[in-house]
Amino acid sequence: MDAGQELTGQALTAKYDWILALTSIAFVFSCASNGANDVANSYATSVAARTLKMWHVGIMAACTEFIGAVALGSRVTDTIKSGIITPDRFENAANPGTFMLAMGCAEVGSGAWLTTATFLGWPVSTTQSIVGALVGVGFATQADITWEWTKGSVSQTAASWGIAPGIACGFSAIIFGTLKYSVLERSDPFKWAMRLIPLYIALTGGVLALFITIEAPTAPDIEEFGAGKAVGIILGCFFGCMAVGYAFFIPYFHRRLVKMDSRIRFYHLPLGPLLWMENPPLYRPYQGEWTITNHYEDAYGNVQAGSKDNNKHAPEHPDEKKPKDTDIERDPESVASSPEIQPKKHIVEPEERFLDPVRDLSWANPRKWWGYLKYGLLQGVTRDVITHDSALLRDIHSRAKRYDDRIEHMWTYCQVVSAIMMSIAHGSNDVANAVGPWAGSYNTFRTGEVNTEAGTPVWFLVIAGLLLGAGFWVYGFHIMRALGNKITQMSPTRGFSTELGAAITVLLASRLGLPVSTTQCLTGSAVGVALMNYDLAAINWRQIAFIFSGWVLTLPCAGLISGLLCLMALNTPHF
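Keep in mind that what you see is a predicted model, and the values were worked out from it rather than measured.

Asker: Tell me what's going on with the packing of aromatic side chains, and back it up with residues and numbers.
Answerer: Taken as a whole and assessed by the stated rule, the structure comprises 19 aromatic pairs. Geometrically, the ring pair formed by tryptophan 122 and phenylalanine 546 is stacked, given 5.3 Å between the ring centres and 20 degrees between the ring planes. Placement of the pair is tryptophan 122 in the loop between helix H5 (96–120) and helix H6 (126–141) and phenylalanine 546 in helix H21 (residues 541–571), with a sequence separation of 424 residues. Exposure remark for phenylalanine 546: the relative accessible area of 30% places this residue in the partly exposed category. When the ring of tryptophan 363 is compared with that of tryptophan 369, the centres are 5.2 Å apart and the planes differ by 65 degrees; the resulting orientation is edge-to-face. Residue classification places tryptophan 363 among the partly exposed residues on the basis of a relative accessible area of 46%. One aromatic cluster is present, formed by Phe27, Trp438, Tyr442 and Trp459 through successive ring pairs.

So, in structure tokens, the structure goes:
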């Protein structure tokens, strides 16, 4: 389109600039809430397992979501998403403002529901939220809605509530079951962990590299891509990661966990074979005692995992003496594998850290403004999302078996890599959920005609990528609490199995044309891992019911908000 046609188009839609402005505001909330709600899918298990801290995730999420949105984000955004409503209703309309209004109402409906669900702690599907919003718009504008069983239809969306979690549950249970019986519950688990960790590193790299390659929106169909190339990617990444595992990770783990060299930290991994030396050339050696993270500990220094088994032999008669070492932290085997960590008796929350020191100061004092600014920007990544003061959760966590923290430490690296890949995939795939309606409204305003296949400028994706990370940074902690340890006891090996099971589910199910959601896959995967405790009481079924209710409410609530807004706007008396 040349400049003259564009100016003519803008003249036709100039009076609808208020619709574009409101859509842009709704887009900010929709995209930020998308990040706050869905980023937890990638990183919740890592935080719950004490592999990463919230501020680590805040920085990593800002980077990975931005990379996914900008580098891999779709350059063509279908503004009438997934065939939910037919575009003919708008393309044949004489007034392009109707299409702008419909897209604006869909953005408002989706953004309002996502924001509400996030603050209520509901992990919901952002894709289903925009689908529900478009269904509401379809009813209001009397556009045809696709109900039959086709890709992206309403019926497939509803079916995904059971399909996605069920498949993910099976995959994660198989992965953790394999890990459990090949390593964790062998007679000498640490020895087997050292032998097999390169294999699991290779498996992680191969599966997740294929996940990114095939699932990137710019990637071709598997038939066009070719089975040979796909197999080549899998095998190349698999053997490449295995070589890295043997050359770099094994010497690092031997030096850190067998030799117990207190100077070694993760940034010494690039030294690789040099770490076999008696006195390797270490840069920036750590000054301090040898420690290892207790991955089962909460912020109070308490460990619940495994305590149910320890208490099985508790005396039934009041006169019988109790065994001395009933506390898992005092158990000799546990102490041998995990040196005691000083309990953190008091949790400093953001209010106490940022607001209390300046609460009595005058608003004329710059320190007060600085304290409230830090609270606004940092409170989301400085909250404790691990500790839950609940008798129910303590009982649930106590039913999970505790494994050697040295082994758990090895799997933190697989877990972090899988979390990063899942986050990049989310940024690339789900950015269109918020950008789509905004891009459609913007292009219609600019050209003066409805175009359901609107080209998406790169600067749209840049803004969206920044908002995805910012949304998690500010209020993503609500969903981090809902997932992870609030469903079952998490640890690095369990978190790795959860994330990898979800990634495989999204990859295979999407190739088969089955409806999937990363939120639902992660929830199902967490249940699958928990089932490997062989104790149904090791799962918080109340939390599962709470999350499921959010899935069911997403379609009608987003649709009701957008539909009522659109209906009122179309029928409002105007001059």
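Next comes the rest of the account.
Asker: Any details on the side chain of serine 46? Residues and values, ideally.
Answerer: Mapped onto the secondary structure, serine 46 falls in helix H2 (residues 17–48). Not counting residues within four places of it along the chain, the set of residues in contact with serine 46 comprises Thr51, Leu52, Gln415, Ala419 and Glu499.

Asker: Tell me what's going on with the environment of asparagine 571, and back it up with residues and numbers.
Answerer: Here asparagine 571 lies in helix H21. Overall, the relative accessible area of 56% leaves asparagine 571 in the exposed class. Sequence-wise, asparagine 571 and alanine 140 are 431 residues apart; in three dimensions their C-alpha atoms are separated by 10.0 Å. Among the polar contacts made by the side chain of asparagine 571, one reaches the main-chain carbonyl oxygen of leucine 567 at a distance of 2.8 Å.

Parameters and conventions
- Residues numbered from 1 in each chain as written.
- Predicted model: local features only at pLDDT ≥ 70, side-chain atom pairs only at ≥ 80, totals over all residues.
- Heavy atoms only, no water.
- Phe/Tyr/Trp six-rings, centres within 6.5 Å; stacked < 30°, edge-to-face > 60°.
- Helix = DSSP H or I, 4+ residues; strand = E, 2+ residues; numbered from the N terminus.
- Buried < 20%, exposed > 50% of the residue type's maximum accessible area, 1.4 Å probe, protein only.
- Contact = heavy atoms within 4.5 Å.
- Polar contact = N/O pair within 3.5 Å; in protein donor to acceptor, adjacent residues only side chain to side chain.

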